Each structure stands twice: as C-alpha cells, then as structure tokens.
Amino acid sequence: VQLQASGGGLVQTGGSLRVSCAASGRTFSTSTMGWFRQAPGKEREFVASIPWGIGTIHYADSVKGRFTISKDNAKNTVDLQMNSLQPEDTAVYFCAASRGYSATDVVNEYAYDYWGQGTLVTVSS
C-alpha cells in the first residue's frame, strides 16, 4: 500500500486548509485510515481516524469541532478538513493505513502498517 499526502501549506490563524491522502496498491487489505501530525521538537500524535467501512470516527480532543475527516471509497482517498487553525496546529501531517486493529487502538501509531511521506501545514500568528 502506498500513501501520498498533499494539500499542506501556509495559512493564517483562524483560516482553513484541507489535506488529502491518496491510497494505492492493496488498499483492500486495510481497514482504517488515520491522520497523525508531528510538530517541531515534539513526538508524532494522533489527529483523526476513519474506517473504510462502517465504524467509528475518532478525533483527538485538541481538534474536535475544528477538524473533519472524510473518505471517498471509490477514489481511495481520505481528506482532513481543518478549520479555525491555530499556530499550535503547525506540524507535518502524515496519513497512515491500518490493516486491522481494535477501535480503541487506532489512536496509536502501532496500529498502522503503512505511512505516507507527510505534508507540512504552517499556521502563522
């Protein structure tokens, strides 16, 4: 499975940005897609996840109400719409794919088997 993230860029505080992840290859072997981010000098952290099928969408508390994850099964894409962006949202955003883990585990990096290269989101103050 190959993952290609795109859509990062520079935005002002309070603005919006949409990042996308295109999955290719044996995508049928994956069950859940996730977005993580890594800010400068910090560890990578969970942002949101969505199952390809029916299931629960998860968000980190820090982005609830501001970010929305969505999917297009026909195109094998997963998007992250980010609104009301703040400087603390500045990070490299990574998309990831899991072959199958429990709903409670998908907030953890170890649940993911494939990772994209990341796309940089910078929020200026």
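It should be noted that the structure appears before, not after, this text.
Read on for a plain summary of the structure.

Parameters at a glance
- Residues numbered from 1 in each chain as written.
- Predicted model: local features only at pLDDT ≥ 70, side-chain atom pairs only at ≥ 80, totals over all residues.
- Heavy atoms only, no water.
- Helix = DSSP H or I, 4+ residues; strand = E, 2+ residues; numbered from the N terminus.
- Buried < 20%, exposed > 50% of the residue type's maximum accessible area, 1.4 Å probe, protein only.
- Polar contact = N/O pair within 3.5 Å; in protein donor to acceptor, adjacent residues only side chain to side chain.
- Contact = heavy atoms within 4.5 Å.
- Salt bridge = Lys/Arg side-chain N within 4 Å of Asp/Glu carboxyl O.

1. Focus on the side chain of T90
Next up, step 1: Relative to the helices and strands, T90 is located in the loop between β8 (77-82) and β9 (91-98).
Next up, step 2: When its relative accessible area of 18% is taken as the criterion, T90 is described as buried.
Next up, step 3: A distance of 3.0 Å separates a polar side-chain atom of T90 from the backbone oxygen of P87.
Next up, step 4: Among the polar contacts listed, one links the side chain of T90 to the backbone nitrogen of V123, at a separation of 2.9 Å.
Next up, step 5: Look past the residues within four positions of T90 in its chain and what remains in contact with it is A39, P40, V121, T122 and V123.

2. Observations concerning the pattern of salt bridges
Next up, step 1: In total, this model carries 7 salt bridges according to the counting rule given.
Next up, step 2: In this structure, D89 engages R37 in a salt bridge whose closest nitrogen and oxygen atoms are separated by 2.9 Å. On the criterion of sequence distance, the pair formed by D89 in the loop between β8 and β9 and R37 in strand β4 (residues 32-38) is long-range, its members being 52 residues apart. Across this residue pair, the class does not change: D89 and R37 are buried.
Next up, step 3: Measuring nitrogen to oxygen at the nearest pair gives 3.0 Å for the salt bridge that ties E109 to R44. Taken together, the residues span a long stretch of sequence, with E109 in the loop between β9 and β10 (114-115) and R44 in the loop between β4 and β5 (45-51) at a distance of 65 residues.
Next up, step 4: By relative accessible area, E109 is classed as partly exposed at 33%.
Next up, step 5: Of the residues examined, R44 reaches a relative accessible area of 25% and is grouped as partly exposed.
Next up, step 6: Connected through salt bridges with shared partners, the residues R37, E45, R66 and D89 form a single ionic network.

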